[in-house]
Structure formats: C-alpha cells, structure tokens
Amino acid sequence: SERPPEVQLPLCRFAALHGRQNFFTVINIYLGGVHLSKKFISWNVNGIRACMNKGFMDVFNELNADIFCLQETKLQEGQIDLELPGYHQYWNYAKKKDIPEGDVYLKQPISVSYGLGIEELDTEGRLITLEFDDIYFITEYVPNAQDGLKRIDHRMKWEDAFRAYVSELQKK
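Residues numbered from 1 in each chain as written. Predicted model: local features only at pLDDT ≥ 70, side-chain atom pairs only at ≥ 80, totals over all residues. Heavy atoms only, no water.

### Some thoughts on the overall build of the protein
Turning to step 1, where the next piece is worked out: From N to C terminus, the protein includes 3 helices and 11 strands.
Turning to step 2, where the next piece is worked out: Put simply, the protein runs from its N terminus to its C terminus through helices and strands in the order β-β-β-β-β-α-α-β-β-β-β-β-β-α.
Turning to step 3, where the next piece is worked out: Every one of the 172 residues in the protein was classed for burial, and the buried ones make up 44%.
Turning to step 4, where the next piece is worked out: The long-range fraction of contacts in the protein, counting pairs at least 24 apart against all pairs at least 6 apart in sequence, stands at 58%.
Turning to step 5, where the next piece is worked out: Surface exposure of the protein reaches about 9,700 Å², of which carbon and sulfur atoms provide 47%. (Helix = DSSP H or I, 4+ residues; strand = E, 2+ residues; numbered from the N terminus. Buried < 20%, exposed > 50% of the residue type's maximum accessible area, 1.4 Å probe, protein only. Contact = heavy atoms within 4.5 Å. Areas by Shrake-Rupley, 256 points an atom, 1.4 Å probe, with all protein chains shown as cover.)

### Details of the nonpolar core
Turning to step 1, where the next piece is worked out: Ranked by size, the top nonpolar core spans 16 residues in total, and within it Trp43, Val45, Phe56, Phe68 and Leu70 carry the most contacts.
Turning to step 2, where the next piece is worked out: Per element, the largest residue contribution to this core is 3 residues, and it comes from helix 2 (residues 56-63). (Core = buried A, V, L, I, M, F, W, Y, C linked by side-chain atoms within 4.5 Å.)

### Description of the pattern of salt bridges
Pairs can form between side chains of opposite charge whenever their charged atoms are close.
Turning to step 1, where the next piece is worked out: If you walk through the whole model with that rule in mind, you get 8 salt bridges.
Turning to step 2, where the next piece is worked out: Here Arg151 makes a salt bridge to Glu124, at a shortest N to O gap of 2.8 Å. Highlighted residues: Arg151 in the loop between strand 11 (136-140) and helix 3 (152-171) and Glu124 in the loop between strand 9 (111-114) and strand 10 (127-131), separated in sequence by 27 residues.
Turning to step 3, where the next piece is worked out: Two residues, Asp160 and Arg163, come together in a salt bridge whose shortest N-O distance is 2.5 Å. One end of the pair is Asp160 and the other is Arg163, both in helix 3 and 3 residues apart, which spans about a single turn. (Salt bridge = Lys/Arg side-chain N within 4 Å of Asp/Glu carboxyl O.)

Note that every value here comes from positions in space, so none of it alone points to a role or purpose.
Rendered as structure tokens:
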C-alpha cells in the first residue's frame, strides 16, 4: 500500500469538523521518512455526557490511542469525573457555558500549554499544545464565523494569532 505523504514541519494542526457527531480520525504521521509510533485520535463528541451513555468508554478503550483529543465536550469544570487509567487529562474549559471547547488525554506528556496567550481569544478553551521530543501537537477547535459572518472579525483575529503562535513554535 502507498505510504501517506510526509509532514514537512514538526507541527500538525487538527480541527474538529463542524456538524458531524461521533466522528473520529486516526492520524499517522511521517517525519523525515520515519513513521511516528504514536496513535492520535481527534473526535468531536458533541457533548461528552450524552456520549458516555452511547458506548464512549468502550470505543475509547478499544482505540487505545497515545493522544486522544475531544472537541465539543460541552462541560464546565466539575461536571464529570472520567476515570481513564494510564492517561493524563488536560481540560481547557470555556469561560461561558455552551461554548465548544477541546480536551486532551494522553499517555506521556512532556509539557502542556493552553490557549494562544491572548486573553481575548483564550476564553473559549479552543487550543491545547503538547510538546514532545520531536514535534508539537496542537488540538484546535477553530472559532466559527457564524451565520451572516457575525464573528468574522473574531475568526480572523484567531487565524492571525494562530499563525503567529505556530511561527514561534517552529523557531524553537
């Protein structure tokens, strides 16, 4: 079978797909012709509490990923207690209810940071960055511009800030 194209930079961007429930992606990454021996899962759960009643834990355990990113968990701190043996949990809660945020569960963290470092853009819990020996892994839930492009200015600020953030990571 044909090998997937190599990733040119030691940085990968993942964003949830809007409007798709119970969708996940298994990602294989090649750097410099070498297959990374990590299994990444990105899954838009559209509400983790509802998903828990539909076999979430069975799927989570069966997939046995090294990094498991969830989007649209729709939680505030303290609303759920997930027991995930062998995983460290990193939650980035939105400051307001009903804002879709992203969370990460992984087996071997080196360092973890939250947001872009810009208060105005970091209130919705949309970004977590994981540092490994050879790559930075970012789980991102991109802001929606909304109907009639009501939030296009916010979206464009996010895009500019994200590009600057990634550029700084690439310099490290």
